[in-house]
Structures are given as structure tokens and as C-alpha cells.
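# Examination of the molecular architecture
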Amino acid sequence: MRSLWLVAGVLLVAACSGSDTSASETTNTTSSPPTTSVATTTLPAATTTAPPTTTSTPTTTTTTTTTTTTTTTQPPPELLGVELALHAAIDRPLAIAAPRGDTRLFVAQREGTIEIVTDDGEIQEEPFLDLSDRVWANGIEQGLLGLAFHPEYAENGRLFVYFTDENNDTRLAEYTVGTDPAFADAESYRELLLFDQPTERHNGGMLEFGPDGFLYVSVGDGGDGGHNGQKSDTLFGTILRIDVDGGEPYLAPPDNPFVAGGGAPEVWGYGLRNPWRFSIDHETGLMYIADVGQQDWEEINVVALDAGGANFGWAYREGSRCFSSPECEETETVLPVVEYGHQEGCSVTGGYVYRGSAIPEVAGTYFYSDWCSGWIRSFRYDNGTAVDLEEWTALQPGQVNTFGVDGFGELYIGTWSGEVWKLVPVRAES
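Every value quoted in this text rests on a predicted model; they were computed, and no experiment measured them.

What follows covers the overall build of the protein chain. The number of helices and strands found in the protein chain is one helix and 33 strands. Counting every position in the protein chain, which comprises 430 residues, the buried fraction comes to 53%. Partitioning the contacts of the protein chain with sequence separation of at least 6, the portion at a separation of at least 24 is 58%. When the accessible surface of the protein chain is summed, it comes to about 18600 Å², and 48% of that surface belongs to carbon and sulfur atoms.

In C-alpha cells:
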């Protein structure tokens, strides 16, 4: 695995990484270096005038001039590296999202508020939505865990949240925006699902809409010792796929793998322990699932959205290795494309494939982290294989709770110590 670092915040060098981080270590938050503002240079437009065209009649002469304008845009200056710019300070950010094309960033805070951060890093004085009277955040895996905006939010104002309640159960609910777009209507609460959790751990909590318009929901196995993992007829240890625009309160899409039987109709994939964070690359139709391991291995799975019914192996397997049953060799499961042992970390935090416009050089690269070790790593997925594996040693945000993207695909990182960082380029002087 290669490592990337910056020399004096300018030079990006690749070399082999030669050390592992102990799972028992906790990385402290590191302040980001000064950010570099880069403007794309556009050359002045060149104007070409065609020769006059003359049309004659016995009484009138008319001259028509046609003008063609050609605009040439230079590529951005050379990319020297990337860095993290502090975008906002918000206590315990657990989910970061934005409606498509919206310049605001919405940050779900563990205790139960959703804060709005403007594109220049200012935090709105009052929360967009305050659920603190509904949210229970006593355990480390509890709180306001997930946030997603409907693909047509600009028209219908619908958003969805996933949180733990005072009974240690988890709920999936819908709200709508109020008459003032700066605030959701707190009275518009509509419950879609209630999960009677067996313990306070392994709650999952990621929400994201796919390009098919359906809402995908990650649900952990409930901390039941792995008994739920291989059960497709339970909602625990799964990724769900539901149609929030059909039925009351929702509809299981007719092409879900178990609609006709063999499992719960909402289930899209199963055999997961605690898929705390997954993401969908809308350009390729692939889902990246980071599943937190138990004893020795953390894993990232990549699977196409049209591959519903996939079994990701838990608890027969942890990563690619047999764990609780010798039957794992006879059971068809999806194997991870990336896994790492607990000598390098303890709890994978899944991220996103970068699809923003600020750093086109890393387009198609998937970024992820580990909550204990705090490093940032990446890879590209190519025909079933993880390639271009990197560790970005200059990026040291601390304990990473979550990743998120804004309305234009730019990448953000939220940390346990209360920072929201933005991934930005460092470029040569133009």
C-alpha cells in the first residue's frame, strides 16, 4: 500500500507505508493546515467575424454579419495534494447530508439536532430540526444516527431520520420542511419503522436514496451475538430497500429479492453485523458497505444495486475468514474487496466515492477511515477488485464518526471531537 503526504503543505509524494496503527490507540484531532483557494482560469473569449454576406434586389441591399464565439477553459493548476479544511465545529456530528444542488450542509448531531451550515462555514443560529426530546443518546452507538433528503426535496420538502429512543429501540421517521425553508416542521413527524432492539448496540443507521428513487436503510444485528446475521426473514443485520412514495407508511418494491417469499419483503441484503456507514455511487450503481467487525477483521463490500438478495456472510464469516461455523465454506457469500486486521484499527467508518468537481483528479476514488486509528485510506473499484490503495498520511482528522457529501458531491468528514472537515485540493500557483 502506498502512502501519500504533503511536504510543507505543497509537495505530494508517494512511497510505501511501513507501519500499522494499534487498535488500542486513539488518534487526536489535528488542526488542518491553511487551505489554498484555487480559481479556474478562463481565457478571454475569441471572436471571429465572418465575411459579410450581401443579398441584392433591384431596390434594397441588406448586409448580415455572423459572429462565432469560442471559449477556451484552461485545466486547473497542477494538483500537489489534498488537505482538510475546517468547515464547522459541531458537537458529535453523526450524519452529514444535503439536498441535491443545495448550497447548505445539514449536520445531524448525536444528541438530536440537525444544524445548517452555510457554504462559508457559518452555523445557523437555531437548529433546522430539534429532535432532542425524542432521541436517546446514552450509549456510544446511540443518538440521531441517520439523515437523508428525498431526491425531490426541492419540490416536496421531505426528509428522513433514523434515531434511538428512550427505550433503546430505533425508529425510522419522516419530517417535512416548514413554511420557512430554514426550518423543518417539528409537528410533521411520521413514523415508518420501529425496531425493537435486543441490546443498545449495533444499530446501523445509514440512510441514502439510490438512483432508483428508493430509500436504503442499514440495520445492525442488534448485538445479539450473531444470531440474526444469517436470517433473511428479520430486519436485523440487513440493508433494507423501501419505496417511501408508495403505500402507507411505505411499500416494499416489487423487485426486492424476498417479496415473493424466503425473507422479509423489505430486505435487500443480509448477513451484516453493523453496517454503520454505506454509500451509493450513483454514477456506477454500486453500493459500498463498511461492516464493523467483532474479533479480528474490518471489511468493505462492494456490490451492484441490482444484486439484491446478497448474503455478506456474518456470522458465518468475519471478513473473508470463517468465524462461527464451518458451514461458511459451503455457503455462498459476498466476500469483501478490502479488509484489515485489528492491529490497524478497530471499527471501520465507511465513506464515499468522490464525485465532486473541485478535485477531478480523484474522481471515482472511495475514501474511508477507522474510528480508533483515525487514518484516511482510499481505493478505486475496478472490475471486482480494489486498486490504487492509498493511505493519506497528511490527513489526520482524529476519530472519524462519519463521512458526508454536500449538494454538489464535495466530501466532508465528521469527528467525535466535534469538527466537520472538508476535503480540498492543494494546487500549484497558476
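Moving on, there is more to tell.
This next bit is on empty space enclosed by the protein. Rolling a probe over the atoms, with the probe sized like a water molecule, indicates the empty space that remains. Applying the stated criterion to the full structure yields two cavities of 30 Å³ or more. Of the voids in this model, the largest cavity is the one considered here, and its volume is about 40 Å³. Lining the largest cavity, in full, are R273, D291, V292, G293, W297, E299, W314, R317 and E318. Counting only elements with at least two residues in the lining of the largest cavity, the list comes to β22 (297–304) and β24 (317–318). For the lining of the largest cavity, a count of residues per class yields three nonpolar, one polar and five charged.

The next thing to look at is the pattern of salt bridges. For side chains of opposite charge, pairing can occur when their charged atoms come near one another. Taken as a whole, this structure holds 20 salt bridges when the rule is applied. A salt bridge links R92 to D91; the shortest N-O distance between them is 3.8 Å. Relative accessible area serves as the criterion here: at 23%, R92 is assigned to the partly exposed category. With its nearest N and O atoms 3.1 Å apart, the salt bridge here joins R190 to E248. One end of the pair, R190, is in strand β15 (residues 184–195); the other, E248, is in the loop between β18 (238–242) and β19 (267–270), and 58 residues separate them in sequence. Of the residues examined, R190 reaches a relative accessible area of 22% and is grouped as partly exposed. Here the residues in one salt-bridge network are R158, E174, R190, D245 and E248, joined through shared partners.

A separate point is the packing of aromatic side chains. Taken as a whole and assessed by the stated rule, the structure comprises 20 aromatic pairs. Ring centres of Y288 and Y366 lie 4.6 Å apart, and the angle between their planes is 15°; on these two criteria the pair is classed as stacked. Taken as a pair, Y288 in strand β21 (residues 286–291) and Y366 in strand β28 (residues 366–370) lie far apart in primary sequence, 78 residues in all. When its relative accessible area of 0% is taken as the criterion, Y366 is described as buried. Plain terms: the ring middles of Y288 and Y381 are 6.4 Å apart, the flat faces sit at 75° to each other, and that makes the pair edge-to-face. Remark: Y381 occurs in strand β29 (residues 376–382) and Y288 occurs in strand β21; sequence separation between them is 93 residues. Members of the aromatic cluster, joined through ring pairs, are Y288, Y340, Y366, Y368, W375, F379 and Y381. Positioned above the aromatic ring of W297, the side-chain terminus of R321 is 3.7 Å from the ring centre. Positioned above the aromatic ring of W375 is the side chain of R377, whose terminal nitrogen or guanidinium carbon lies 3.8 Å from the ring centre.

The predicted model of the protein chain averages 87 in pLDDT, with 83% of residues at 70 or higher. Contacts of residues 1–62 to residues separated by more than four positions or lying in other chains number 139 contacts, the stretch itself having pLDDT below 50.

This next bit is on the sheet that holds β18. Ordered by their spatial adjacency, five strands build an open sheet running β16-β17-β18-β19-β23, and the pairing between neighbours is mixed. This sheet does not close on itself; its edge strands, each paired only once, are β16 (207–209) and β23 (310–311).

This part takes up the pairing of strand β12 (residues 144–149). Taking burial as the measure, the six residues of β12 include six buried ones, the bulk of the element. Pairing between β12 and strand β13 (residues 158–164): five bridges, direction antiparallel. Bridge pairing links A148 to F160 in β13.

Before going further, it helps to examine unusual backbone geometry. With an omega of 5°, the peptide bond running from E248 to P249 counts as cis. Inspection of the secondary structure assignment puts P249 in the loop between β18 and β19. Cis peptide bonds are those with omega within 30 degrees of zero, and the linkage from W314 to A315 qualifies with 5°. Tracing the backbone through its elements, the reader meets A315 in the loop between β23 and β24. Unlike most non-glycine residues, R92 shows phi in positive territory, near 50°. As for its position among the elements, R92 is in the loop between β7 (79–89) and β8 (93–97). Despite not being glycine, D388 shows a phi value in the positive range, around 55°. Inspection of the secondary structure puts D388 in strand β30 (residues 385–392). Judged by its relative accessible area of 36%, D388 is partly exposed.

Volume-wise, the largest pocket comes out at about 660 Å³. If you list the elements that add at least two residues to the lining of the largest pocket, you get β8, β12, β16, β20 (277–281) and β31 (400–405). Looking at the lining of the largest pocket element by element, the count peaks at five residues for β12. Classifying every residue of the lining of the largest pocket gives 19 nonpolar, seven polar and seven charged.

Okay, the environment of D224 next. With respect to the helices and strands, the residue D224 is situated in the loop between β17 (215–219) and β18. D224 sits in the buried class, given a relative accessible area of 19%. Placed 12 residues apart in sequence, D224 and F236 show a C-alpha to C-alpha distance of 9.6 Å. A distance of 3.3 Å separates a polar side-chain atom of D224 from the backbone nitrogen of H227. Side-chain polar atoms of D224 contact the backbone nitrogen of N228, separated by 2.8 Å.

Reading the values: the criteria
- Residues numbered from 1 in each chain as written.
- Predicted model: local features only at pLDDT ≥ 70, side-chain atom pairs only at ≥ 80, totals over all residues.
- Heavy atoms only, no water.
- Helix = DSSP H or I, 4+ residues; strand = E, 2+ residues; numbered from the N terminus.
- Buried < 20%, exposed > 50% of the residue type's maximum accessible area, 1.4 Å probe, protein only.
- Contact = heavy atoms within 4.5 Å.
- Areas by Shrake-Rupley, 256 points an atom, 1.4 Å probe, with all protein chains shown as cover.
- 1 Å grid on protein atoms, 1.4 Å probe; cavity = no way out; pocket = protein on both sides within 12 Å on 5 of 7 lines; lining within 4 Å.
- Points joined across faces, edges and corners; volume = space filled by probe spheres on them.
- Nonpolar A, V, L, I, M, F, W, Y, C, P; charged D, E, K, R; others polar.
- Salt bridge = Lys/Arg side-chain N within 4 Å of Asp/Glu carboxyl O.
- Phe/Tyr/Trp six-rings, centres within 6.5 Å; stacked < 30°, edge-to-face > 60°.
- Lys NZ or Arg CZ within 6 Å of the ring centre and 35° of its normal.
- pLDDT = per-residue confidence, 0-100.
- Pairing = 2+ DSSP bridges.
- Polar contact = N/O pair within 3.5 Å; in protein donor to acceptor, adjacent residues only side chain to side chain.

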